[in-house]
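Tertiary structure, described
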Amino acid sequence: MKKVNLAIVGATGMVGTKFVEILQQRNFPVENIYFFSSGRSAGTEIEFCGKKYLTEELTEKSFDKPIDIALFSAGGAISGHYAPILAARGGIAIDNSSRFRMDPNVPLVVPEVNPEAAAAHKGIIANPNCSTIQAVVALAPLHKAFGITRIIYNTYQAVSGAGMAGVTDLQGGLAGEAPKKFPHPITDNVIPQVDVFTENGYTGEEMKMINETRKIFEAPQLKITATCVRVPVFNGHSESINVEFENIFEIGEIEKILEKAPGVVLQKNESYPMAITANDTDDVYVGRIRRDEGANAINMWVVADNLRKGAATNAVQIAELLLTP
């Protein structure tokens, strides 16, 4: 792969620091790298490949530099303003926020699932929601083989999905402090609310999973429902997924397909996936596969590191796609 000029927007945040870590681990071909942050964090020192850099405050002039690709993880408002500026100057923004995900002119990409979509970009590519990413990596090969007709998502999401404030709430709760980020204590509790409630009674997170799955699978009428729950786990999202198929299947066929699926680790019987073992890895772990006795469907348990595969790693993989002939 050719070397590129790369920028990280939101470089000092939880996902931004993961970008730095993963780019080095994957030996991403960087010619020059730039780190941008808010004015409050500007001047923070970051080490990358043995060299030390200072973060710069993000401004409209930041993209006067010759930047080929920028990885954004600074919130929807920042992405909405600055990603089009970069695109207009010939660069490509890979955005981790929800700002562009449902824009029909912006591809929503998971490299193991729909890599071809990245080629249709117009300067901006959206990274899906963390919970959606791990789900579709597991579901895509099954959809191809058997035709999915309905999905029921139930998620158990770590506090790191809410950023440093979520982590601080759990840490503070363990010390007896009141919550600041979540509407209720997360310590010794589960909260059946991730994101704000919408008019239909679903939360924003639940609607993201529904709408993003449909877009990635190019199936706007696919029947999907979701319940998203915050749990007192620091990192690693877990999902119970019920999947109904059009075509008849055998459990052995399901397992063989998942054993060969890119990015998937199949675990059987008592060797089931857990957040604690998925932590700090890039795979999607699938287990507890069993037939739904009431439908042509299965139940499955899907776990992944939400900061890595659910955010930073997926974005870096998209950047790698752009450099692949």
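Above this text is the structure in question.
The paragraphs below set out a description of the structure included in this document. (Residues numbered from 1 in each chain as written. Predicted model: local features only at pLDDT ≥ 70, side-chain atom pairs only at ≥ 80, totals over all residues. Heavy atoms only, no water.)

**A closer look at the packing of helix α1 (residues 14–25) against helix α8 (residues 308–323)**
α8 packs onto α1 with a crossing angle of 55° between their chain directions and a minimal axis gap of 9 Å. In terms of axis orientation, α1 runs oblique to α8. Of the two elements, α1 crosses α8, and the hand of that crossing is right-handed. Contact residues: Val15, Lys18, Phe19, Glu21, Ile22, Leu23 and Gln25 in α1; Arg308, Ala311, Ala312, Thr313, Ala315 and Val316 in α8. Here the residues of the contact of α1 with α8 are counted per class, giving eight nonpolar, two polar and three charged. (Axes fitted to C-alpha atoms, helices over the stretch in contact; angles between N-to-C directions. Helix = DSSP H or I, 4+ residues; strand = E, 2+ residues; numbered from the N terminus. Parallel < 35°, antiparallel > 145°, perpendicular 65-115°, else oblique. Left-handed = near helix turned anticlockwise from the far one by under 90°. Contact = heavy atoms within 4.5 Å. Nonpolar A, V, L, I, M, F, W, Y, C, P; charged D, E, K, R; others polar.)

**Some details on the sheet that holds strand β11 (residues 237–245)**
Here we have six strands laid out as an open sheet, ordered β10-β9-β11-β14-β13-β12, and mixed in their pairing. Two strands lie at the open edges of the sheet, namely β10 (223–230) and β12 (264–266), each paired on one side alone. Put simply, the sheet's adjacent strands are angled 25° from each other on average, direction ignored. Relative to β10, strand β9 (residues 148–157) runs parallel, the two being bridged by eight bridges. Bridge pairing links Thr155 to Cys228 in β10. Across the sheet, helix α3 (residues 130–146) lies against β9, β11, β12, β13 (284–292) and β14 (297–304), angled at about 25° from β11, the strand it touches most. (Pairing = 2+ DSSP bridges.)

**Topic: the sheet that holds strand β1 (residues 4–9)**
With parallel pairing, six strands are arranged side by side in an open sheet as β5-β2-β1-β6-β7-β8. Each having just a single partner strand, β5 (56–57) and β8 (124–126) make up the two edges of the open sheet. Both strand β7 (residues 92–95) and β8 contribute to a ladder of three bridges, which runs parallel. Residue pairing for β8: Ala93 is matched across the bridge by Ile124. Its contacts with the sheet put α1 on β1, β2 (30–37) and β6 (69–72), and the angle it makes with β1 is roughly 150°. Sheet strands in contact with α8 are β1, β6, β7 and β8, and its direction is about 165° off that of β6.

**Quick notes on the nonpolar core**
Counting 59 residues, the largest nonpolar core has Phe63 and Met300 as the members making the most contacts within it. In terms of residues, this core owes the most to one element, α3, which gives nine residues. (Core = buried A, V, L, I, M, F, W, Y, C linked by side-chain atoms within 4.5 Å. Buried < 20%, exposed > 50% of the residue type's maximum accessible area, 1.4 Å probe, protein only.)

**Let's talk about the layout of surface pockets**
The calculated volume of the largest pocket comes to roughly 1000 Å³. Taken together, 38 residues form the lining of the largest pocket, with Ser160, Gly161, Ala162, Gly163 and Lys208 sitting closest to its centre. The element that contributes the greatest number of residues to the lining of the largest pocket is α1, accounting for four residues. Its residues assigned to classes, the lining of the largest pocket shows 13 nonpolar, 18 polar and seven charged. The volume enclosed by the second largest pocket comes to roughly 250 Å³. Gly10, Thr12, Ser37, Ser38 and Ala74 are, among the 15 residues lining the second largest pocket, the residues nearest its centre. The set of elements that each furnish at least two residues to the lining of the second largest pocket consists of β2 and α2 (76–88). The residue inventory of the lining of the second largest pocket, partitioned by class, reads seven nonpolar, seven polar and one charged. (1 Å grid on protein atoms, 1.4 Å probe; cavity = no way out; pocket = protein on both sides within 12 Å on 5 of 7 lines; lining within 4 Å. Points joined across faces, edges and corners; volume = space filled by probe spheres on them.)

**Structural notes on the environment of Asn235**
Tracing the sequence through the fold places Asn235 in the loop between β10 and β11. Separated by 84 residues in sequence, Asn235 and Ala319 place their C-alpha atoms 24 Å apart. Only 2.8 Å separates the side chain of Asn235 from the side chain of Asn279, close enough to count as a polar contact. A polar atom in the side chain of Asn235 sits 3.0 Å from the side chain of Asp305. (Polar contact = N/O pair within 3.5 Å; in protein donor to acceptor, adjacent residues only side chain to side chain.)

**What to know about the pattern of salt bridges**
Across all of its chains, the model carries 15 salt bridges by this definition. Asp280 is the partner of Lys18 in a salt bridge, and the nearest nitrogen-oxygen pair spans 3.8 Å. A residue pair is termed long-range when its members are at least 10 positions apart, and Lys18 in helix α1 and Asp280 in the loop between α7 (275–278) and β13 qualify at 262 residues. For Lys18, a relative accessible area of 17% translates into the label buried. Among the ionic pairs, Glu56 bridges to Lys65, the shortest N-O distance being 3.0 Å. With a relative accessible area of 29%, Glu56 lands in the partly exposed category. When its relative accessible area of 25% is taken as the criterion, Lys65 is described as partly exposed. Here the salt bridges share partners, and the residues they tie into one network are Lys18, Glu21, Asp280, Asp282 and Arg308. (Salt bridge = Lys/Arg side-chain N within 4 Å of Asp/Glu carboxyl O.)

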